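Chain residues, written in single-letter form:
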Amino acid sequence: MKILVVEDEPKLNKGLTESLHTRGYAVDQAFDGVEGERMALLGTYDLIVLDIMMPKRDGLEVCKNLRASGNTTPILMLTAKDTVRDKITGLDIGADDYLVKPFSIDELTARIRTLLRRPLIIANDVLTLNGLTLDTRSQTVSIDKKVIDLTLREYGLLEYLLRNKDSVLTRDDLLEHVWDRNFDSFSNVVDVHLKNLRKKLPPLYAKRIKTVWGKGYRLV
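(A) Spotlight on the sheet that holds strand β2 (residues 26-30). Taken together, five strands build an open sheet; the order of strands is β2-β1-β3-β4-β5 and the sheet is parallel. At either end of the open sheet lies a strand with only one pairing partner, and these are β2 and β5 (97-100). For this sheet, the mean inter-axis angle between neighbouring strands, taken without regard to orientation, is 20 degrees. Both strand β1 (residues 2-6) and strand β3 (residues 47-51) contribute to a ladder of four bridges, which runs parallel. Bridged to Val6 within β3 is Leu50.

Next up, the structure:
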């Protein structure tokens, strides 16, 4: 899953990004409201973490503009203000959740998982396929209770395939949701990681990841 972090404080932005990376998320960064709004409109994200107090354009205005444009990506707002009025303002203009600074990374990721459980995104925390189980809370993959050791990219690819079973996913789809924007779109990075993923899965499951020639991949 891919997240956009819009936070003007460099140290906090870096800390959030690194922490989310270690939990298996692909993350893009923006450091002011104008840049964040532009990236949110042009990119494909599963969730946006949006600070309120930012230069050039504050988070409330960014959120309002995104919703006015028809962007429905879940938005988790960050703020140092802990008043009921501030929370109501943020929620009324289209934010999905509200987290007050300072906060723990565990609470942030728990809020993210909650937002990603909403019906338009996924059904629940655990994704299954005939004995294969992917648990997004523990970030583990197992088959008949035997854990399969995957890299973060392999895990991300399998998670996105499971969320979109029977749909044809292009290489660009997979790049946009599993990798940060600092990738080489002309490389064969998707093919290499999918090849490695198939090797780690038992043949019965590896064969379910079908190559759709000239289009991409499909999990059946």
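(B) Quick look at the nonpolar core. By size, the foremost hydrophobic cluster in this structure holds 29 residues, and its most contacted members are Leu132 and Leu194. Mapped onto this core, the elements with two or more residues apiece are β6 (126-129), β7 (132-135), β8 (140-143), α6 (152-163), α7 (171-178), α8 (189-200), α9 (203-206) and β12 (216-219). It is α6 that provides the largest number of residues to this core, a total of six residues. Here Leu132 is in contact with Leu127, Val141, Ser142, Ile143, Leu158, Leu162, Leu201 and Tyr205, once residues within four sequence places are set aside.

(C) Region of interest: the side chain of Asp135. Mapped onto the fold, Asp135 is located in strand β7. For Asp135, a relative accessible area of 16% translates into the label buried. Once residues lying within four places of it in the same chain are set aside, the contact partners of Asp135 are Asp125, Val126, Thr140 and Tyr155.

Conventions adopted
- Residues numbered from 1 in each chain as written.
- Predicted model: local features only at pLDDT ≥ 70, side-chain atom pairs only at ≥ 80, totals over all residues.
- Heavy atoms only, no water.
- Pairing = 2+ DSSP bridges.
- Helix = DSSP H or I, 4+ residues; strand = E, 2+ residues; numbered from the N terminus.
- Axes fitted to C-alpha atoms, helices over the stretch in contact; angles between N-to-C directions.
- Core = buried A, V, L, I, M, F, W, Y, C linked by side-chain atoms within 4.5 Å.
- Buried < 20%, exposed > 50% of the residue type's maximum accessible area, 1.4 Å probe, protein only.
- Contact = heavy atoms within 4.5 Å.

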